[in-house]
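Coordinate analysis (summary)
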Amino acid sequence: MALALFVFGGFLIIQENLYRMAAGWGSGMQLFAYLDGGLAAAEVEPLLGRVAAYPEVEKARFVSQKEAWESFRKSLGKQSGVIEGLSADALPASFEIALKPTARDPASVAGVARRLRAERGVVQVDYPEEWTEKLSLLLISIEAAKWIFGGVLLIAALFIVGNAAKLAIAARREEIEVMQLVGAPPGAIHLPFIVEGLVQGLAGAVLSLLLLWALLALASAELSYTLGLFSIQQIRFLRPEICAWLLILGCSIGAAGSFFALRRQL
Amino acid sequence: MIQLFDVSKLYPPDHHALIDINLEIAQGEFVFVIGPSGAGKTTLLRLLYRAEDPTAGEVIVNGRNVGRLPVRGVAALRREIGLVFQDFKLLPTMTAIDNVALAAEVVGRSARESRRLARSLLGELGLAGKSGAKPAELSGGEQQRVALARALVNDPVMVLADEPTGSLDSEAAEQTMRLLGAINERGTTVVIASHGAARIGRLSARTVLLDGGRLLEVAPHVQEAAL
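Below you will find a few notes about this structure. (Residues numbered from 1 in each chain as written. Chains lettered and ligands numbered in written order. Predicted model: local features only at pLDDT ≥ 70, side-chain atom pairs only at ≥ 80, totals over all residues. Heavy atoms only, no water.)

1. A word on the sheet that holds strand β1 (residues 31–35) of chain A
Residues and elements named next belong to chain A. Taken in spatial order, the 4 strands make up an open sheet running β2-β3-β1-β4, and their pairing is antiparallel. The outermost strands of the open sheet, each flanked by one partner alone, are β2 (57–63) and β4 (122–126). Averaged over all pairs of adjacent strands, the angle between strand axes in this sheet comes to 20°, irrespective of strand direction. Direction of pairing for β1 relative to strand β3 (residues 94–99): antiparallel, over a ladder of 4 bridges. By the bridge assignment for β3, Tyr34 is matched with Ser94. (Pairing = 2+ DSSP bridges. Helix = DSSP H or I, 4+ residues; strand = E, 2+ residues; numbered from the N terminus. Axes fitted to C-alpha atoms, helices over the stretch in contact; angles between N-to-C directions.)

Put into structure tokens, the structure is as follows:
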């Protein structure tokens, strides 16, 4: 049980931190939708209104060709002489689009980019596509691994608890028989075994959380060095509500394992 | 009180423990179910408290078709029946008083009330000084009296006893039978499965003779059925 929840919880920690990392990247990230040079000035305003109305969009700003040119020139600084002679309309007008914090995950960013590309008047959309897609793929893989490894181990834990309950039932067979003969309600006979399973599950869950916490504390420095993406403080343990869910999951598996064993045995 | 209609019990593949049994036992009767080993006595008793289901026929106890009772119904039925066994079926880790109180607690009585009832019954059965003893510290006769106290603690309408004197010496056996007779005198139906009818004092008893799973004879009430 502890092992199963340890593996499950481990994947959850990785997943949680990657989501946070993706959101962190997203906060500093903007999408740029470059506009068709032939787009009439009267068409820009409605298009900007439509884009700003996307549920994921926090802010959308029109950047004119002139403004883009000025910005580019400033970014070149002392080297700006290299673009002397070029026309100020060499750069296309664009929209700078910032997303809401809830929509900064890779899947949402990719979805917004897809819709922008489908808009008439948008010729190109740029965003750190490669990274977000890789991250998205990694998150999908971790989600799958969590359910495959964690799920298999949780099912195994269910059987292990069931077998433990079977042994407990065998050890107390005489007592159960007497209880049945004197007319004890089924609930009164089953309850101690269910509670036993529940406590076992809770103990397993607490143990797994303690192990994960200890392991994370020991390895966080190493991880931050290896990944180079987080500071030590940035690698976080599971949120309290996720810990509570893991405890509830442990209790549920313990109780369910005992319940199924009782149904087979009594 | 107890009615069996065309009851048969077959243990696969081909052991017919009971064959077409028809029997009625009225409220307050004292009945011996007698017969040789393998006659079907224990099976008949087990059908009455739904430890077994009949292969055919209907078993009616207190107006309820026992074979159709759900699990909760079986528990409720058993709370109306006191059961006594040859091997006592006492829990070895519990004291005499706890063994008796357990049966009272399962019907919802408080622990305090259950122990009060258990103590009172053990006193009535001459075990006042043994309530703190564990079964291993008691003689066979004393253990059977503890089992009787447990059977009576919920004031059952009937007591079913399967070879209650089978593992007792003659003195303890006689005492147990006298106690069962006294229980019957208070209006409780008593059905005893035994190799032979024993002396039960001044009560009238009826004998039901089984052999090879068939009911051969139902003897009328007799005063002091003899072995």
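2. Some words on unusual backbone geometry
All names here are of chain B. Pro13 follows Pro12 through a cis peptide bond whose omega is 5°. The residue Arg50 is not glycine, and still its phi comes out positive at about 55°. Mapping Arg50 onto the fold places it in the loop between α1 (41–48) and β4 (56–61). Located in the positive-phi region is Asn62, a residue other than glycine, with phi close to 50°.

3. A closer look at the pattern of salt bridges
Residues and elements named next belong to chain A. If you walk through the whole model with that rule in mind, you get 22 salt bridges over all chains. Across the salt bridge formed by Glu43 and Arg120, the nearest N and O atoms sit 2.6 Å from each other. Separated by 77 residues along the polypeptide, Glu43 in helix α2 (residues 41–52) and Arg120 in the loop between α4 (106–118) and β4 bring together distant segments of the chain. With a relative accessible area of 31%, Glu43 lands in the partly exposed category. (Salt bridge = Lys/Arg side-chain N within 4 Å of Asp/Glu carboxyl O. Buried < 20%, exposed > 50% of the residue type's maximum accessible area, 1.4 Å probe, protein only.)

4. Overview of the nonpolar core
Generally speaking, nonpolar side chains in soluble globular proteins are found buried as a group. Residues and elements named next belong to chain B. Residues Phe30, Leu122, Val146, Leu180 and Ile192 are the most contacted members of the largest nonpolar core, which totals 54 residues. No other element matches helix α3 (residues 96–105), which puts 7 residues into this core. If we skip the residues at most four places from it in the chain, Ile192 touches Phe30, Val31, Phe32, Val33, Ala161, Pro164, Met177 and Leu180. Core analysis: the next-biggest nonpolar cluster, separate from the first, contains 31 residues, Leu48, Leu69, Phe85 and Ala193 among them. (Core = buried A, V, L, I, M, F, W, Y, C linked by side-chain atoms within 4.5 Å. Contact = heavy atoms within 4.5 Å.)

5. Things to note about the side chain of Asn65 of chain B
Residues and elements named next belong to chain B. Inspection of the secondary structure assignment puts Asn65 in strand β5 (residues 64–65). On the basis of relative accessible area, Asn65 is assigned to the buried category, the value being 18%. Not counting residues within four places of it along the chain, the set of residues in contact with Asn65 comprises Glu58, Val59 and Ile60.

6. Notes on the layout of surface pockets
Counted as a void, the largest pocket has a volume near 800 Å³. Together, 28 residues line the largest pocket, and Gln180 and Leu266 of chain A together with Arg50, Val74 and Arg78 of chain B are the ones closest to its centre. Mapped onto the lining of the largest pocket, the elements with two or more residues apiece are α6 (173–181), α7 (186–227) and α8 (240–265) of chain A together with α1 and α2 (71–79) of chain B. For the lining of the largest pocket, the leading source of residues is α2 of chain B, giving 5 residues. (1 Å grid on protein atoms, 1.4 Å probe; cavity = no way out; pocket = protein on both sides within 12 Å on 5 of 7 lines; lining within 4 Å. Points joined across faces, edges and corners; volume = space filled by probe spheres on them.)

7. Some points on the packing of aromatic side chains
According to the stated counting rule, one finds 5 aromatic pairs over all chains in the structure shown. Taking the centre distance of 6.2 Å and the plane angle of 10° together, the rings of Phe11 of chain A and Phe149 of chain A count as stacked. Placement of Phe11 of chain A in helix α1 (residues 2–27) and of Phe149 of chain A in helix α5 (residues 129–171) is noted, with a sequence separation of 138 residues between them. Judged by relative accessible area, Phe11 of chain A falls into the buried class, the value being 17%. Consider the rings of Tyr49 of chain B and Phe85 of chain B, whose centres lie 6.3 Å apart with planes at 80°: the pair is edge-to-face. (Phe/Tyr/Trp six-rings, centres within 6.5 Å; stacked < 30°, edge-to-face > 60°.)

8. Regarding the packing of helix α5 (residues 140–152) of chain B against helix α6 (residues 170–185) of chain B
The axes of two packed helices give the description: the angle between them and the distance between them. All names here are of chain B. Running from N to C, α5 and α6 point in directions that differ by 15°, and their axes come no closer than 9 Å. By the angle class used here, α5 and α6 are roughly parallel. Seen along the crossing, α5 lies across α6 with a hand that is right-handed. On α6, the residues touching Gly141, Gln144, Arg145, Leu148 and Leu152 of α5 are Ala172, Gln175, Thr176, Leu179, Leu180 and Ile183. Of the residues that constitute the contact of α5 with α6, the class distribution is 6 nonpolar, 4 polar and 1 charged. (Parallel < 35°, antiparallel > 145°, perpendicular 65-115°, else oblique. Left-handed = near helix turned anticlockwise from the far one by under 90°. Nonpolar A, V, L, I, M, F, W, Y, C, P; charged D, E, K, R; others polar.)

9. A closer look at the environment of Val190 of chain B
Residues and elements named next belong to chain B. Tracing the backbone shows Val190 in strand β8 (residues 189–194). Classification of Val190 by relative accessible area gives buried; the value is 0%. Along the chain, Val190 and Leu160 lie 30 residues apart, while their C-alpha atoms are 6.0 Å from each other. Here Val190 is in contact with Glu29, Phe30, Val31, Val159, Leu180, Ile183 and Asn184, once residues within four sequence places are set aside.

10. So, the environment of Leu76 of chain A
Residue and element names in this part refer to chain A. Here Leu76 shows up in helix α3 (residues 65–76). Look at Leu76 and you get partly exposed, because its relative accessible area is 23%. Sequence-distant contacts of Leu76, that is, excluding residues within four places in its chain, are made with Val82 and Ile83.

11. Digging into the sheet that holds β5 of chain B
Residues and elements named next belong to chain B. Taking strand neighbours across the sheet as the criterion, the 4 strands line up as β2-β1-β4-β5 in an open arrangement whose pairing is antiparallel. Either end of the sheet is taken by a strand with one partner, and the two such strands are β2 (15–25) and β5. On top of the sheet, α1 reaches β1 (2–11), β2 and β4; it is set at about 120° to β1, its chief contact.

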